[in-house]
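Residues per chain, in single letters:
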2 protein chains.
Amino acid sequence: MSEMFSNRILNTKKSFIREILKVTQNKEVISFAGGLPNPISFPIEALKTSMNRVVDENGSNAFQYATTEGYLPLREQIATRYKKRFGLEVSPNDILITSGSQQALDLIGKALINKDDHILIEKPGYLGTIQALSLYEPQFHGINLLEDGLDIQSLEAALKAYAPKLLYTVPNFQNPTGLTYSKEKREAICELLKTTSTYLIEDDPYGELRFSGEDLPYIGSRGLEHSILLGSFSKIVTPGMRIGWICTKDSKLMDKLIIAKQASDLHTNFFSQCVISDYLAHNDLDEHIRKIKSLYKEQSSAMVNAIKTYFPGNIQITIPEGGMFLWATLPEGTSSLELFDLASKENVAFVPGEPFYTEELTSRTFRLNYTNSDSETIEEGIKRLAKVIKNR
Amino acid sequence: MSEMFSNRILNTKKSFIREILKVTQNKEVISFAGGLPNPISFPIEALKTSMNRVVDENGSNAFQYATTEGYLPLREQIATRYKKRFGLEVSPNDILITSGSQQALDLIGKALINKDDHILIEKPGYLGTIQALSLYEPQFHGINLLEDGLDIQSLEAALKAYAPKLLYTVPNFQNPTGLTYSKEKREAICELLKTTSTYLIEDDPYGELRFSGEDLPYIGSRGLEHSILLGSFSKIVTPGMRIGWICTKDSKLMDKLIIAKQASDLHTNFFSQCVISDYLAHNDLDEHIRKIKSLYKEQSSAMVNAIKTYFPGNIQITIPEGGMFLWATLPEGTSSLELFDLASKENVAFVPGEPFYTEELTSRTFRLNYTNSDSETIEEGIKRLAKVIKNR
C-alpha cells in the first residue's frame, strides 16, 4: 500500500553512496567512493583516557538526560576556536550541538523550508544535503561551481528570479569537487546576499584540513545577518560519535532550530559530548590536526601524481588544497555511470557524478576520495581505473 | 523577519517541560515535573568496563562512520529479547536503531504524514509525540484514555470518520497518566485496526519497568500488518546515550524509515551502540532491571501513600503498575496551571495537564513523576503541594 507513504519520502532517493557500499564491502575492491576519514587519524588512546575521566569526574551526570542546546563547556570550546582561528565573536548561545552536521541540515530544513520554496545549491553539490533538504520538498536550483567558487552572474540572476529561502555552500574543499572559494568570490557573494533575505549556509566539515594555501574568512563573517555556519568533529576527531554543530548569531533562527532539535531527538548523545569536550581540554587539537593534514597531503599527492602518470591526458581533475576529495571530468560523450560499472569489474570504485546534481542528467564527472587508502593502494587503484578508461 | 520561517515550525510549540526546567533548576525546588530516571539506576561501572573493552577489542572501527540501520549485534540482541519476553519472531532486519525513541517519532512523521493527514492519539497523550508529529502538520484527534485503555467506541468512530494515517499509543504505564491497557482492550484494538490501513505505533519506553501485575502482549503482536513498536535503553540503561529503536515487520515501511534516517543524521552514535551491546553481552540486564523496579515500586508507593495522607479526598489519582508517572485530577472548576504557579512559590513543581492535549483547553489534571526523588523527598514535596491545594 505505497499510497500510505508521505509524498516527501516517495520523492527522496536512497543515497547512491549507500548502494555503492554493497560493491565496496568486497575486500578485493579498492574504494575511492566513500567519504571516510583515515582511521589512523582517530586519537583512540586520548579518547579512551577522556571517557574514563568523564565517568570518574561526572559519574551519573554523564549518563542522564541533558539540555537540547548541548553541553555548555563544549559550546564554549567551539566558540573559542572560532575566535582563535578567525577572530569571530561567537557566544556559546550561538552554538547548537547536533547529531553530526547531517542533522544540522535536517533542522534547517524543518525551521525554514515550506513546500516549493526555492533554494540554491552548488552544481555539483553535496548529495547528503540534496537528500536531507528533499524531505522538505523545495525547488532546487543549481548554481555552477567554477574553479574559484560560485558563478556570480548565475547567483545574482537566481537571487532575483527566485527570491530563494537559502543558499547552500561548502566554501572549503567542496564536496564533491574539492574546490575552494577565493577571497574575492566570498566577498562578492556576501555583498550580493546582503541585498536579500536569503539565508546562507556555509557547511564546513573540512575547513580545518587545509594542507596548502591559507585559511580564508567565512563568506558570512562580513556582517551577514542570516548567516549559518555548520561544523563537525567527524573529520578531525571521530565521525562515529556524530557530534556536529550549527553556529548562527541570528537568535530568532536559533530559537526555531532549538524547537526543531527538541522535536527531532531531544538532545545529542550527552556522554559523547562530554568525551569530546574533555578531549579538547586535555589535548592539543592543533597538533593532532597537523598530523591529519600531513597524512592527507601525502595521500592527495599520491592520487594526483598517479592520475598524471596513468590517466589519458584528456581527463581533467581538480587539485585540492585540503579536504578529502578530487573531481575528475571525462571527455565529452563519455558516461561516468558506464565507467563505474566497468570499474566495478576491475575491483575499483568511485562515485559517478549523477547524485551530485539536482536535475536528471548524464554525467561525465566523478568523485575520488583519497583519505581512506594508503599511497600504495591509491596508486594501484588509479592504475586499475586508468586501464578501464583506456580499454572502454 | 518571522515570515521567513516554515509554517511547520511556526505551528510547533516549545516543550512546556523545557520551560518548567527553568523553575526546577533552583535546588530548593522539589520537582515532580521531569521524566528523569533515578541516576542511581545507571550501571556506571559496568558501562565503564564496556567502553574500555569496546576500544580495546574494536580499535578504530568503533570510531568510524557506520551503517544507517545500526550495529548488527545490538539489533540481534534486541530481537532476541522480544523473542524471550513475548515469543515474538523478530529479525535484526526488522530493527532500526534510532537516536533515542524521540527520533523514531520524527522518522515515522517523515515517512508517513502528509500535511492535514488525520492521526489519532491518546487523550491525554505524550507531549513529545505531539511536538514531534506537529512538524508534519497533521490533524490530531484525541481518543479518550480510560482506566483500561482507549475508549473503543470513540476509536471505532474515529477510524471510520477520518481513515487516519496512524494511531499512537503507549500501552504500558502511559505517559502522562501511568495507566496500562488491559489484555481485552489490546485485543479489541487489534481487531478494529485489522479492518483498516491505519498504522499502529506502540511506544514502549517503560514496558520493562512493571513492578506489579504481569506483562501483557503487544497490541500489534496478533498479526497486525502495519504494526510499529518503539523501544529505548533510556529507562533501563542510560538516557544520555540516546539509543532507541523502531521494530516493524512491515518491510516496505522499514525501507522508507531507513531513507528518512539516512537523511536525518546518517546513523546513530556508533560508539555508544557498541558500548550498549557490550554491556548487554556481559551483564544480566534482567537482574539490573529488577533493581530499578524495586526502587521505583518503593518510590511510587511513597508518592501514593503521601497523597492519600496529605491531599484532600476530592483529588483523584491513578495507581501505576510500573513506569514513572501518576496522574492527578483536581475537582471541577480548578485550574492546574493556576495550581502550578502557586506551587512554584512553595518550591514544588509538576506538569499541568494542558500540554498533553492537542486542543486548547483549561485542564484540572496534572502529571507527577516519582522516579527522580527519594521517598523522603517525595513525602516532603507532596506535603508542600497539599498545603498549596488546601490554601488556594
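Residues numbered from 1 in each chain as written. Chains lettered and ligands numbered in written order. Predicted model: local features only at pLDDT ≥ 70, side-chain atom pairs only at ≥ 80, totals over all residues. Heavy atoms only, no water.

Labelled according to an unreviewed UniProt entry, chain A appears under the name Putative transcriptional regulator, GntR family, originating from Cellulosilyticum lentocellum. Per its UniProt entry, chain A bears the Sequence similarities (unreviewed entry) comment "Belongs to the class-I pyridoxal-phosphate-dependent aminotransferase family." Per UniProt, chain A carries the Cofactor (unreviewed entry) text "pyridoxal 5'-phosphate". (UniProt positions renumbered as here; feature names shortened; annotations may be inferred.)

Chemist: Sorry, what's going on with the interface of chain B and chain A here?
Modeler: By a widespread convention, an interface's size corresponds to the accessible area lost as its parts come together. Taken together, the contact between chain B and chain A spans 76 residues of the former and 76 residues of the latter. Summed over both sides, the interface between chain B and chain A buries roughly 6,900 Å², with carbon and sulfur atoms accounting for 58% of that surface. Among the residues of chain B in contact with chain A, Met4, Phe63 and Tyr65 of chain B are the three that bury the most area, contributing 11% of the side total. A salt bridge links Lys48 of chain A to Asp56 of chain B, with the shortest nitrogen-to-oxygen separation between them at 2.6 Å. Elements supplying a minimum of two residues to the side of chain B that touches chain A: α1 (7–10), α3 (44–58), α5 (100–112), α6 (127–134), α9 (251–265) and α10 (270–282) of chain B. With 11 residues, the single largest contributor to the side of chain B that touches chain A is α9 of chain B. Residue composition of the side of chain B that touches chain A, grouped by class: 32 nonpolar, 27 polar and 17 charged. (Contact = heavy atoms within 4.5 Å. Buried area = accessible area lost by both parts, 1.4 Å probe. Salt bridge = Lys/Arg side-chain N within 4 Å of Asp/Glu carboxyl O. Helix = DSSP H or I, 4+ residues; strand = E, 2+ residues; numbered from the N terminus. Nonpolar A, V, L, I, M, F, W, Y, C, P; charged D, E, K, R; others polar.)

Chemist: Sorry if this is basic, but what is going on with the relation of the copies chain B and chain A here?
Modeler: Here the two chain copies are tied together by a rotation about an axis and a shift along that axis. Placing chain B over chain A gives an RMSD of 0.0 Å and needs a rotation angle of 180°, together with 0.0 Å of translation along the axis. The transformation relating the two chain copies, once decomposed into turn and shift, fits a two-fold axis. Across chain B, the smallest distance between a C-alpha and the rotation axis is recorded for Asn269 of chain B, namely 3.7 Å. (Least-squares fit on C-alpha atoms with pLDDT ≥ 70 in both.)

Chemist: Explain unusual backbone geometry here, please?
Modeler: Trans is the prevailing form of peptide bonds, just as negative phi is the prevailing case for residues other than glycine. Residues and elements named next belong to chain A. Of note, the amide linkage connecting Lys123 to Pro124 takes the cis form, showing an omega dihedral of 5°. Summarising the element assignment, Pro124 is placed in the loop between β3 (118–123) and α6 (127–134). For Leu266, which is not glycine, the phi dihedral falls at a positive 65°. Relative to the helices and strands, Leu266 resides in the loop between α9 (251–265) and α10 (270–282).

Chemist: In this structure, what is going on with helix α12 (residues 336–345) of chain B? I would like to understand it.
Modeler: Residues lying three or four places apart along an α-helix face the same way, a consequence of the helix completing one turn every 3.6 residues. All names here are of chain B. Those residues of α12 not exposed but buried are Ser336, Leu339, Phe340, Ala343 and Ser344. Axial view of α12: buried residues confined to an arc of 140°, hence all on one face. Of the residues in α12, the exposed ones pointing more than 90 degrees away from the buried face are Glu338 and Lys345. In this structure, the buried side of α12 is in contact with α2 (16–24), β12 (348–349), β13 (351–352), β14 (365–369) and α13 (375–391). By the N-cap criterion, in which a side-chain oxygen at the helix start approaches the backbone nitrogen of a residue two or three places on, α12 is capped by Ser335, the distance to Leu337 being 3.2 Å. Immediately beyond the C-terminal end of α12, within one or two residues, lies Asn347, with a positive phi of roughly 60°. (Buried < 20%, exposed > 50% of the residue type's maximum accessible area, 1.4 Å probe, protein only. Arc of directions from axis to C-beta. Polar contact = N/O pair within 3.5 Å; in protein donor to acceptor, adjacent residues only side chain to side chain.)

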